[in-house]
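One letter stands for each residue in the lines below.
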Amino acid sequence: MTLSASQDGLPAPQRYLAILTIALGITMAVLDGAIANIALPTISRELNASPAQSIWIVNAYQIAIIVSLLSLSFLGDMLGYRRIYQAGLALFVATSLFCALSTSLNMLTFARVLQGFGGAALMSVNTALIRIIYPQRHLGRGMAINSLVVAVSTAAGPTVAAAILSVASWKWLFLINVPLGVVALWLALRTLPDNPQKATTQKFDLPSAVMNALFFGLLISALSGFAQGQSRLLVLSQVLILLVVGWFFIRRQLNMAVPLLPVDLLRIPIFSLSMGTSVCSFCAQMLAMVSLPFFLQNVLHRDEVTTGLLLTPWPLATMVFAPIAGRLIERVHAGLLGGIGLAMFAAGLFSLAWLPADPTNGEIIWRMMLCGAGFGLFQSPNNHTIVSAAPRHRSGGASGMLGTARLLGQSMGAALVALMFNLFDQSGTHASLLLAGSFAALATLVSLSRMTQSRAG
């Protein structure tokens, strides 16, 4: 299905099937980033691997995504978002089966790298596709659905993993993707539209792709190494190489008409400000979501089931408020709407940090709901602004940057939780929540500053 340049979105019946296709693919890709964490002890035991070695089951997937995300979004601008998404789905389904059939740690790690490339293809162009699927006047609604899927999938990962592991082996964490992926691929082949306008004049620059992979790969590796307490010399060496590669990488991008890392888009003030708020918000979210289970179980002595239930109001509130924000963006400036959401998010995080010594479940739940509501109110308008601020033929680059911002924020958040626990031990969660609230408060100010910029879209 190819839209003409003058056609504004898909008609309603095809639109709903197309957005369902996007939602299925992104749910699988985001879930698989967190779903394996819960099963690591079981997997390492069955594959005769040490806990430290088994961490690569998670790291391999995350690193594969971030090193290839921008390259795939660039190819989406050139070849078509639909083609990249369909290829990504096919690879993701095949490698999910490969993961389930793995009989050694090396085999599973290799399968996770390939699965990460499939997940990156899905994440790199999903918001670019939504820009084609939805009419411009209703783009906020499409972005709200996407924000909702990403937020809920991120938060629900441990719960879904625990549910699967309670009735089946760890292999089903990956096997479940096969039937879901086949349905999504069948829908993708029939419902996704092609780009009405492709960037046929831009060329894929292999040196840029290699430097991009090295830059972001080293960044995630250094953050993960720091979080896991690796040798300071090793982490420092990675940072030094990262800085050298980064200098040459940025310099090359600045001299290109259409760069792989869209530094030209970052020159658009509302785009760069929105990217900054996205990194800060996901960093704050990860600081809270990683540290809170330790507090709930080790300090308040709630069991695992109760902990899961107490965390659930967060994604539930996001589910309610993301669609509301998607409709409000059609009438309210994204800077104001995002600022209100981030202020609510910050208030929720600070209120969690200052919980009473022996809180009731109700006192925890309303604070979780405030965090989720604020996060949902912010994400949809912010993503809408990032995508619509870019020219239509650069939607792939904007989509790739959106995914990169999320992964960077989450990686920073996870590393900072480790730092807070190393520095403050038993008060690590309290410190993490205060830092998360500070990030959200900073993002509030940045978001409100966007009101001085022209409205995107």
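Structure's up top.
Residues numbered from 1 in each chain as written. Predicted model: local features only at pLDDT ≥ 70, side-chain atom pairs only at ≥ 80, totals over all residues. Heavy atoms only, no water.

### So, the overall build of the protein
Item 1. Of regular secondary structure, the protein possesses 18 helices and zero strands.
Item 2. Taken over the C-alpha trace, the protein has a radius of gyration of 21 Å; the compact-globule value for 457 residues is 23 Å, and the two agree within 12%.
Item 3. In the protein, which comprises 457 residues, the share counted as buried stands at 57%.
Item 4. Residue pairs in contact within the protein that sit at least 24 positions apart in sequence constitute 84% of those at least 6 positions apart.
Item 5. When the 25 basic and 13 acidic side-chain charges of the protein are each reduced to a single mean position, those positions are 11 Å apart. (Helix = DSSP H or I, 4+ residues; strand = E, 2+ residues; numbered from the N terminus. Rg over C-alpha atoms; globule rule 2.2 N^0.38 Å. Buried < 20%, exposed > 50% of the residue type's maximum accessible area, 1.4 Å probe, protein only. Contact = heavy atoms within 4.5 Å. Lys, Arg positive; Asp, Glu negative; His and termini not counted. Charge placed at Lys NZ, Arg CZ, Asp CG, Glu CD.)

### Quick notes on a nonpolar patch on the surface
Item 1. On the surface, a nonpolar cluster with roughly 350 Å² of combined accessible area is contributed by Phe204, Leu206, Val210 and Leu214.
Item 2. Topologically, Leu206 is positioned in helix H9 (residues 206-227).
Item 3. Judged by relative accessible area, which is 56%, Leu206 ranks as exposed. (Patch = residues over 30% accessible without salt bridge, like charges linked within 9 Å, V, L, I, M, F, W, Y side chains within 5 Å. Areas by Shrake-Rupley, 256 points an atom, 1.4 Å probe, with all protein chains shown as cover. Salt bridge = Lys/Arg side-chain N within 4 Å of Asp/Glu carboxyl O.)

### A look at the pattern of salt bridges
Item 1. All told, the structure shown has three salt bridges when counted by the stated rule.
Item 2. Among the salt bridges present, the one from Arg82 reaches Asp194, with a minimum N-O distance of 3.7 Å. With Arg82 in helix H4 (residues 81-100) and Asp194 in the loop between helix H8 (177-191) and H9, the pair connects residues that are 112 residues apart, well separated along the chain. Each member of the pair, Arg82 as well as Asp194, is classed as buried.

### Considerations on the environment of Gly372
Item 1. Examined against the element boundaries, Gly372 turns out to sit in helix H16 (residues 361-389).
Item 2. The exposure class assigned to Gly372 is buried, which follows from its relative accessible area of 0%.
Item 3. Expressed as a C-alpha distance, the spacing of Gly372 and Leu148, which sit 224 residues apart in the sequence, is 11 Å.
Item 4. Leave out the neighbours within four places in its chain, and Gly372 touches Trp314, Ala317 and Thr318.

### Considerations on the side chain of His384
Item 1. Tracing the chain through its elements places His384 in helix H16.
Item 2. On the accessibility criterion, His384 (8% relative accessible area) is buried.
Item 3. Other than its neighbours up to four places away in sequence, His384 contacts Leu139, Gly140, Met143 and Ile329.

### Observations concerning the nonpolar core
Here is a general trend for soluble globular proteins: nonpolar side chains tend to be buried in one another's company.
Item 1. If you look at the biggest cluster of nonpolar residues, it comprises 62 residues, and the most contacted ones within it are Ile22, Ile26, Tyr85, Leu129, Ile133, Leu192 and Phe271.
Item 2. Per-element tally for this core: the top contributor is helix H5 (residues 105-133), with ten residues.
Item 3. Those residues in contact with Phe271 that sit more than four places away from it in its chain are Leu265, Leu266, Ile386, Ala389, Ala398 and Met401.
Item 4. In terms of nonpolar packing, the next biggest core, distinct from the first, is built from 34 residues, Phe282, Leu310, Cys371 and Leu433 among them. (Core = buried A, V, L, I, M, F, W, Y, C linked by side-chain atoms within 4.5 Å.)

### Some thoughts on the packing of helix H12 (residues 269-299) against helix H17 (residues 395-424)
Item 1. The geometry of H12 relative to H17 is characterised by a closest axis approach of 7 Å and an angle of 40 degrees between their N-to-C directions. As judged from the angle between their axes, H12 and H17 are oblique. Two packed elements cross with a definite hand, and for H12 against H17 that hand is right-handed.
Item 2. In terms of residue class, the contact of H12 with H17 is made up of 18 nonpolar, six polar and one charged. (Axes fitted to C-alpha atoms, helices over the stretch in contact; angles between N-to-C directions. Parallel < 35°, antiparallel > 145°, perpendicular 65-115°, else oblique. Left-handed = near helix turned anticlockwise from the far one by under 90°. Nonpolar A, V, L, I, M, F, W, Y, C, P; charged D, E, K, R; others polar.)

### Details of the packing of aromatic side chains
Ring pairs (aromatic) are described by centroid distance and by the angle formed between their planes.
Item 1. Overall, the coordinates contain ten aromatic pairs when judged by the stated rule.
Item 2. Note on Phe98 and Phe110: the rings are 6.1 Å apart at their centroids and 80 degrees apart in plane angle, and the pair reads as edge-to-face. Note that Phe98 is positioned in helix H4 and Phe110 in helix H5, a separation of twelve residues in sequence.
Item 3. The class for Phe98 is partly exposed, based on a relative accessible area of 25%.
Item 4. For the ring pair Trp170 and Phe174, a centre distance of 6.2 Å and an interplane angle of 85 degrees mean the geometry is edge-to-face. In terms of burial, Trp170 and Phe174 fall into one category: buried.
Item 5. Through successive ring pairs, a cluster of aromatic residues spans Phe282, Trp314, Phe345 and Phe375. (Phe/Tyr/Trp six-rings, centres within 6.5 Å; stacked < 30°, edge-to-face > 60°.)

### So, helix H10 (residues 232-254)
Item 1. Here H10 contains 23 residues, and its C-alpha end-to-end distance of 32 Å stays within 8% of the 33 Å for a straight helix at 1.5 Å per residue.
Item 2. For H10, every residue scored as buried is listed here: Val235, Gln238, Leu242, Val245, Gly246, Phe249 and Gln253.
Item 3. If you check the start of H10, you find a side-chain oxygen 3.2 Å away from the backbone N of Leu233, and it comes from Ser231. (Expected span 1.5 Å × (residues − 1). Polar contact = N/O pair within 3.5 Å; in protein donor to acceptor, adjacent residues only side chain to side chain.)

Purely geometric stuff here, so don't read any function into it on its own.
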